[in-house]
Amino acid sequence: MLRDITIGQYFPGQSPIHKMDPRMKIIATLLYIVMLFVASHPLSLIVGIAMLVLMYRVSGIPMKMITKSLKPVVPIIIFTSVLNIFFVSGDPLFQFGFIEITRQGLMLAILMSVRILCLIAGSSLLTYTTSPIELTDAIEILLNPLKKVKVPVHELSMMMTIALRFIPTLIEETDKIMNAQKARGADMESGGLMQRAKALVPILVPLFVSSFRRADELAMAMECRCYRGGDGRTRMKQLHYSHRDWIALCIMLVSIAAVLLLNRILA
Amino acid sequence: MAVIKTENLSHVYSEGTPFVKTAIDNISIEIEEGQMIGVIGHTGSGKSTLIQHFNGLLQPTSGKIYIDGEDMWADKSKLRDIRFKVGLVFQYPEYQLFEETCYKDIAFGPKNMGLDEGEIDRRVREAAAFVSLSEEQLMKSPFELSGGQKRRVAIAGVLAMKPKVLILDEPTAGLDPKGRDRILGQIKEYHQEEKNTVLIVSHSMEDVAKFAQKVLVMNRSKVFLYDSVENVFARAGELSQIGLAVPQITQVFMELKKRGYPVNSNVYTIEAAKKEMIRLLEKGGEVRA
């Protein structure tokens, strides 16, 4: 059951998007988000939706993964939509008693929800098409300038790599321990809040114990291979920008320009 | 009547993603009461998936499982009772220990069954005796014990529930030969005393030969063979084709027979081999092939 978590799940593939330089993928994702927020009219967001469909098509990630990644944000969308619809003042469309729905409110609600949906789906594509290792490598390089102001960039990215690497392991381990305790009759599905919290003890204690053991072993293994921090460390996979990265950047910039133009026309 | 029966049981992991995998495929077997059965197969052959179906931790993608003739998934509220009937000891069970003392940890299962204090105490002590844990060790924290001791505490935790069917997933993985023989001996003793059904998943043909009456061989998500030890080991050729070997001692005797010595090749343990050798030597002169 824990296996079904998809956020940050990598789908191996050979599409042009998979092959892009991870640094450019991060930049392009940021530009995409900028584009979504620049769009001030619901119609100019059509560019955002079109881009999304296009990118998913090119990447070969099944479309139903979009709905899967969007499920967790549905409550947020409903909440913001309700707020926008009922509390933005302007020209009234309907009016029942004290409840008033305005044109501006409706527009804003649509704008915000489409924005959030595109934002989540777009950034999910980054993690669907980029392996966690590539991602942290790219983040480390992109953040490199911060080293000048004494930010421990290498250490942070190493921590991130390790954390990401161990998420599946921990999920598997949790699954295993949960099953083992269930086999001994542990009841995790019924009872009040206190009872449920108590039922977690038989899972959390072994999980903590094994995490510490694992951390110890990993530290030892890293030292055995002479790990001494980032200074002078070289990479097995050097990152290079290629044509397709520059093309992707151009497409992103053009679409931002298109959005700005649409804003102008529709305003 | 069969205590566990499966009908066309299949399980598919991660259906609808690129990682889809059929772990067990159309399995129909019957496990008779009171037997000791060895389950053998390669890593990834579906053994662990199969045994997790036996106590309802995994729900079949298709097919049915009957425990004591009752359809396990017909009434989900009864699942917990089935878990008390079919005790499952996982691989490396020592990683599931969590209580302050071994005593409390062993008592976790019986307590969940809702037994009264006296009964729990009796069962904990009985289970501890089976895996030869001393009174002093019972009161210690499980995290102070050695690896082998921890494992025995974890096994006692399931024994204390007195399951009708006891399933152990590689109970001897990672132990030295002495610890291995000790745990297998204790499980066998428990089986003889309680007359319950025991399934042991194992990689070692030698171990299986020592304790099992029947062997279930899994290969590529399917049941390859399910028969008595003699009948399974008699098909050494097929076994080695799927990458499993009969016990070394059996191989020795098969080779002897091939070279013309008048020996039985159905020898699976060192003890049987000793008897067979003595019989052979007593014949004296005829031995020369």
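Residues numbered from 1 in each chain as written. Chains lettered and ligands numbered in written order. Predicted model: local features only at pLDDT ≥ 70, side-chain atom pairs only at ≥ 80, totals over all residues. Heavy atoms only, no water.

Chemist: Before we move on, could you go through the overall build of chain B and cite the residues and values that matter?
Modeler: Across its full length, chain B holds 12 helices and 11 strands. For a compact globule of 289 residues, the expected C-alpha radius of gyration is about 19 Å, and chain B comes in at 21 Å, within 12% of that figure. Expressed along its principal axes, the backbone C-alpha trace of chain B runs to roughly 70 × 50 × 40 Å. Within chain B, the fraction of its 289 residues that count as buried is 52%. The contacts in chain B between residues at least 6 apart in sequence include a share of 64% that link residues at least 24 apart. When the accessible surface of chain B is split by element, carbon and sulfur atoms take 49% of a total near 13500 Å². (Helix = DSSP H or I, 4+ residues; strand = E, 2+ residues; numbered from the N terminus. Rg over C-alpha atoms; globule rule 2.2 N^0.38 Å. Buried < 20%, exposed > 50% of the residue type's maximum accessible area, 1.4 Å probe, protein only. Contact = heavy atoms within 4.5 Å. Areas by Shrake-Rupley, 256 points an atom, 1.4 Å probe, with all protein chains shown as cover.)

Chemist: Help me get a handle on the overall build of chain A, residues and values and all.
Modeler: For chain A, the count of helices and strands is 11 helices and two strands. The order of α-helices and β-strands along chain A, N terminus first, is α-α-α-α-α-β-β-α-α-α-α-α-α. At 23 Å, chain A has a C-alpha radius of gyration far larger than the 18 Å of a compact globule built from 267 residues. On the principal axes, the C-alpha backbone points of chain A span a range of 65 × 55 × 40 Å. Looking at the 267 residues of chain A, the share that counts as buried comes to 36%. A separation of at least 24 residues holds for 72% of the contacts in chain A among residues at least 6 apart in sequence. Put simply, chain A shows about 16200 Å² of open surface, and 70% of that area lies on carbon and sulfur atoms.

Chemist: Would you mind going over the pairing of strand β11 (residues 222-228) of chain B in detail, with residue names and values included?
Modeler: All names here are of chain B. Of the pairings in the sheet, the one linking strand β10 (residues 214-219) to β11 comprises six bridges and is antiparallel in character. Bridge pairing links Val 217 to Leu 225 in β11. Between the end of β10 and the start of β11, which pair antiparallel, lie two residues, with Arg 220 showing a positive phi angle near 45 degrees. (Pairing = 2+ DSSP bridges.)

Chemist: A description of the nonpolar core should follow, citing residues and the corresponding values.
Modeler: Residues Ile 106, Val 217, Phe 233 and Leu 239 of chain B are the most contacted members of the largest nonpolar core, which totals 50 residues. Broken down by element, this core gets its largest block of residues, six residues, from helix α6 (residues 147-159) of chain B. Once residues lying within four places of it in the same chain are set aside, the contact partners of Ile 106 of chain B are Val 124, Ala 127, Leu 133, Leu 138, Val 153, Ala 156, Gly 157 and Ala 160 of chain B. By size, the runner-up hydrophobic cluster in this structure holds 33 residues, among which are Leu 45, Met 51, Ile 77 and Leu 249 of chain A. (Core = buried A, V, L, I, M, F, W, Y, C linked by side-chain atoms within 4.5 Å.)

Chemist: Kindly report on the interface of chain A and chain B, identifying the contributing residues and their values.
Modeler: Between chain A and chain B, the residue contacts involve 20 residues of the former and 23 residues of the latter. Overall, the association of chain A and chain B removes approximately 2000 Å² of surface from exposure, summing both partners, and the carbon and sulfur fraction of that is 63%. Counting across the interface, chain A meets chain B through one salt bridge. If you look at where chain A meets chain B, you find five residue pairs in polar contact (both at pLDDT 80 or more). (Buried area = accessible area lost by both parts, 1.4 Å probe. Salt bridge = Lys/Arg side-chain N within 4 Å of Asp/Glu carboxyl O. Polar contact = N/O pair within 3.5 Å; in protein donor to acceptor, adjacent residues only side chain to side chain.)

Chemist: Quick one: what's the story with the packing of aromatic side chains, residue by residue and with numbers?
Modeler: Residues and elements named next belong to chain B. The full count for this structure, using the stated rule, is seven aromatic pairs over all chains. Measuring from centroid to centroid gives 5.0 Å for Phe 98 and Phe 108, while their planes differ by 85 degrees, and the two rings are edge-to-face. Placement of Phe 98 in the loop between β7 (86-89) and α3 (102-112) and of Phe 108 in helix α3 is noted, with a sequence separation of 10 residues between them. Considering the side-chain rings of Phe 233 and Tyr 268, the 5.0 Å spacing of their centres and the 65 degrees angle between planes classify their relative orientation as edge-to-face. (Phe/Tyr/Trp six-rings, centres within 6.5 Å; stacked < 30°, edge-to-face > 60°.)

Chemist: Requested: an account of the domain arrangement of chain B, with residues and values cited.
Modeler: All names here are of chain B. Each domain of chain B was delimited in the assignment, giving domain 1 (2-234) and domain 2 (247-283). The straight-line distance from the C-alpha centre of domain 1 to that of domain 2 is 33 Å. On the domain 2 side, the residues contacting the seven residues of domain 1 number five residues. Both sides together, the interface formed by domain 1 and domain 2 hides about 550 Å², and carbon and sulfur atoms give 71% of it. At the boundary of domain 1 and domain 2, one finds zero salt bridges. Summed over the shared surface of domain 1 and domain 2, the result is one residue pair in polar contact (both at pLDDT 80 or more). Elements represented by at least two residues in the side of domain 1 that touches domain 2 include exactly α8 (205-211) and α9 (229-233). When residues in the side of domain 1 that touches domain 2 are grouped by element, the largest group, four residues, is from α8. (Domains from an automatic or database assignment.)

Chemist: Residues and numbers for unusual backbone geometry, please.
Modeler: Residue and element names in this part refer to chain B. A positive phi angle, near 40 degrees, is found at Glu 170, a position not held by glycine. Along the polypeptide, Glu 170 turns up in the loop between β8 (165-169) and α7 (177-194). Positive phi outside glycine occurs at Lys 195, with the angle close to 55 degrees. With respect to the helices and strands, the residue Lys 195 is situated in the loop between α7 and β9 (197-202). Accessibility expressed as a relative area gives 62% for Lys 195, which makes it exposed.

Chemist: Explain the pattern of salt bridges to me, and be specific about the residues and the numbers.
Modeler: Residues and elements named next belong to chain B. Counting across every chain of the model gives 26 salt bridges over all chains. Its salt-bridge partner being Lys 164, residue Asp 68 comes within 2.8 Å of it at the nearest N-O pair. Of the two residues, Asp 68 is situated in the loop between β5 (62-67) and β6 (70-71) and Lys 164 in the loop between α6 and β8; the sequence distance between them amounts to 96 residues. Note on Lys 164: relative accessible area 30%, which makes it partly exposed. Within this structure, Glu 33, Asp 68, Lys 85 and Lys 164 form a network of salt bridges that share partners.

Chemist: Which residues make up the environment of Lys 19 of chain A, and what are the values?
Modeler: Residues and elements named next belong to chain A. Here Lys 19 shows up in helix α1 (residues 16-19). Considering only alpha carbons, one finds Lys 19 and Val 151, 132 residues apart in sequence, at a separation of 30 Å. When residues no more than four places from it in sequence are discounted, the contact partners of Lys 19 are Gln 14 and Arg 244.

Chemist: Run through the confidence of the model for chain B, naming residues and quoting values.
Modeler: When pLDDT is averaged across chain B, the result is 88; 98% of the residues are at 70 or more. For this predicted complex, the interface confidence reaches an ipTM of 0.83, while the overall pTM sits at 0.72. (pLDDT = per-residue confidence, 0-100.)

Chemist: Before we move on, can you summarise the confidence of the model for chain A with the specific residues and values?
Modeler: One rule of thumb: low pLDDT means the predicted coordinates there are not for detailed reading. All names here are of chain A. In the predicted model, chain A carries a mean pLDDT of 86, and the fraction of residues at 70 or more is 97%. Put simply, strand β1 (residues 92-96) is where chain A has its lowest mean pLDDT, 76, and helix α2 (residues 22-38) is where it has its highest, 93. Contacts from residues 1-7, a stretch scored under 50 in pLDDT, to residues over four places away or in other chains number 12 contacts.

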